[in-house]
Amino acid sequence: MSAPAKQGQVFRNTLILVGAQLLGTPLTIVLNAAMGRYLGAERLGDVYLASTLMGFGFLFVEWGQGGVLPAAVAQNRSRAGVLLGSSLAWRFWMSIIVSVLLVLGCRVFGYTASFQLILAIVGGQWLLMMLSNAIQEMVRGFERTDVSALGKLGAQILAVLFVIPALVMGGSVVQVLLVQVATQAAMLVWVWRARRRVGELDVTFDWQETKALVRSGHAFLAFNFAMALQGNVDAIFLSKLSTSEVMGWHSAAQRLSGTLNIPASALVASLYPTLARLLVEDMDAFRETARQALRGTTLLAVPLALCCAIYRDVGIALYGKEGYGPAGQNLLILSGLLFLVYFSMPLGTTVIAAGRQRAWAIAQASCVLVSFGLDPFLIPYFQKAYGNGGLGVCVGAVTSEVFMVTVALFLVPKGVVDHTVAKVAGKAALSGAVMVGVAYLLHTITPFVAAPIALAAYFGVLWLVGGIDPKQIEAVKSKLGSRFKRAK
């Protein structure tokens, strides 16, 4: 397969994921806003803390296999069935062990019984999610993203159909979380059946394969551990140095900014297995594919970060300005984090695919030290000065991400970041300046009208200065056209 064809494969896979997630994004926003409105900031803060703690614990369930499994399948697809079966068995038993230990730990550290129940239910949700993820990761090893795309979209649709009615009817946080567990179980059944799209696989367990996955996953685990540890340090400091309401504001801001990460997340999901294969097949194609991905995220980083900063009140209004108004301050700072993430994600994926997982993990671990050093000072300062200690967490996160981008630029293979990336960045900056100007001129009208016009100005200028590749536009048209013909 030629280098352009390989890059096109990443582009097509990314397009599938982005398309599904663009359809699902409004559903996720509506669902998060409904939970915020009906549960209140305090209960939303409890769910945020439970999800953060359980997410950290489940790193030992996943054990870096999110990186190992797709790459192992991509490099030897005949082993897909036994790799999947071995991964599923490991995740199932480790999920039970981790959930029990976390609930007991929270009891020891004095968390309330109601929070322990929330944590246990979230653990059940994570168990089902881990099993579903294993199947999707195996399918991604065949360089296909349709199962992941449809699985995520289906989960979002089911959540809106069942969780929102539970909220409207006055369901408690426990009842709402149980409904979410049921929707996750339904999607696991669908994903299990959808695995056949890559062929009939003999899904079996092999203890030797399990040990191999665990051995290979330790470097990925180290990186994920450090990344999740930072989030847990932030959440625990915030829970002890501020209030549940402040945690609810921070949770709302993170959920809103997180939806804007969707294109970058989709690109990374498509990019990694292809880069893992190209590393052993064609190093020049590896560099060009990574470079193309970085140019694409550069074009998206500017308008999305600007929208997060300029039109933050739109997102806050969905949650309810009366209860979540201060979260707008968090979003303003998180817009800087969003901008940086659009560089660190493709660069980090390239570094990991190039086999430098250990160095990348050490860099991420350094960010934990940043949180330990800054949180005890920044959270109380912002809590006292602004009544919102979450701003301290946001400032620390931006500081850490600046460090990560800097490290990634040193670790990424030579030739990935070149003058073409710098030229695209310059064109994006110029278009962003025009976008800011248009937003300022239209600041007196409703943002629901002003925001689309400002975005149109950005992409219009980008087109005029040659920042958009006509070949990519044609690829999108071709992809959509082929899908439409099949649908007919």
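Residues numbered from 1 in each chain as written. Predicted model: local features only at pLDDT ≥ 70, side-chain atom pairs only at ≥ 80, totals over all residues. Heavy atoms only, no water.

1. Quick notes on the nonpolar core
Grouped together as the largest cluster of nonpolar side chains are 119 residues, with contacts concentrated most on L119, M138, Y324 and W360. In terms of nonpolar packing, the next biggest core, distinct from the first, is built from 16 residues, C307, A428, A451 and A457 among them. (Core = buried A, V, L, I, M, F, W, Y, C linked by side-chain atoms within 4.5 Å. Buried < 20%, exposed > 50% of the residue type's maximum accessible area, 1.4 Å probe, protein only.)

2. Points about the side chain of E209
Take E209: it is sitting in helix α8 (residues 207–241). For E209, a relative accessible area of 16% gives the class buried. One polar contact links E209 to R79, side chain to side chain, over a distance of 3.0 Å. Not counting chain neighbours up to four residues away, the residues in contact with E209 comprise R79, V82, L83 and S86. (Helix = DSSP H or I, 4+ residues; strand = E, 2+ residues; numbered from the N terminus. Polar contact = N/O pair within 3.5 Å; in protein donor to acceptor, adjacent residues only side chain to side chain. Contact = heavy atoms within 4.5 Å.)

3. Brief notes about the environment of R195
Within the element layout of this structure, R195 appears in the loop between α7 (173–194) and α8. For R195, a relative accessible area of 8% puts it in the buried group.

4. Concerning the side chain of E137
Residue position: E137 is located in helix α5 (residues 113–140). Accessibility expressed as a relative area gives 9% for E137, which makes it buried.

5. Describing the packing of helix α9 (residues 244–259) against helix α14 (residues 327–353)
Their axes nearest at 9 Å, the elements α9 and α14 cross at an angle of 40 degrees. With respect to their mutual orientation, α9 and α14 come out oblique. The chirality of how α9 crosses α14 is right-handed. The residues of α14 that touch α9, namely those facing W249, H250, A253, Q254, L256 and S257, are A327, N330, L331, L334 and L338. In terms of residue class, the contact of α9 with α14 is made up of seven nonpolar, four polar and no charged. (Axes fitted to C-alpha atoms, helices over the stretch in contact; angles between N-to-C directions. Parallel < 35°, antiparallel > 145°, perpendicular 65-115°, else oblique. Left-handed = near helix turned anticlockwise from the far one by under 90°. Nonpolar A, V, L, I, M, F, W, Y, C, P; charged D, E, K, R; others polar.)

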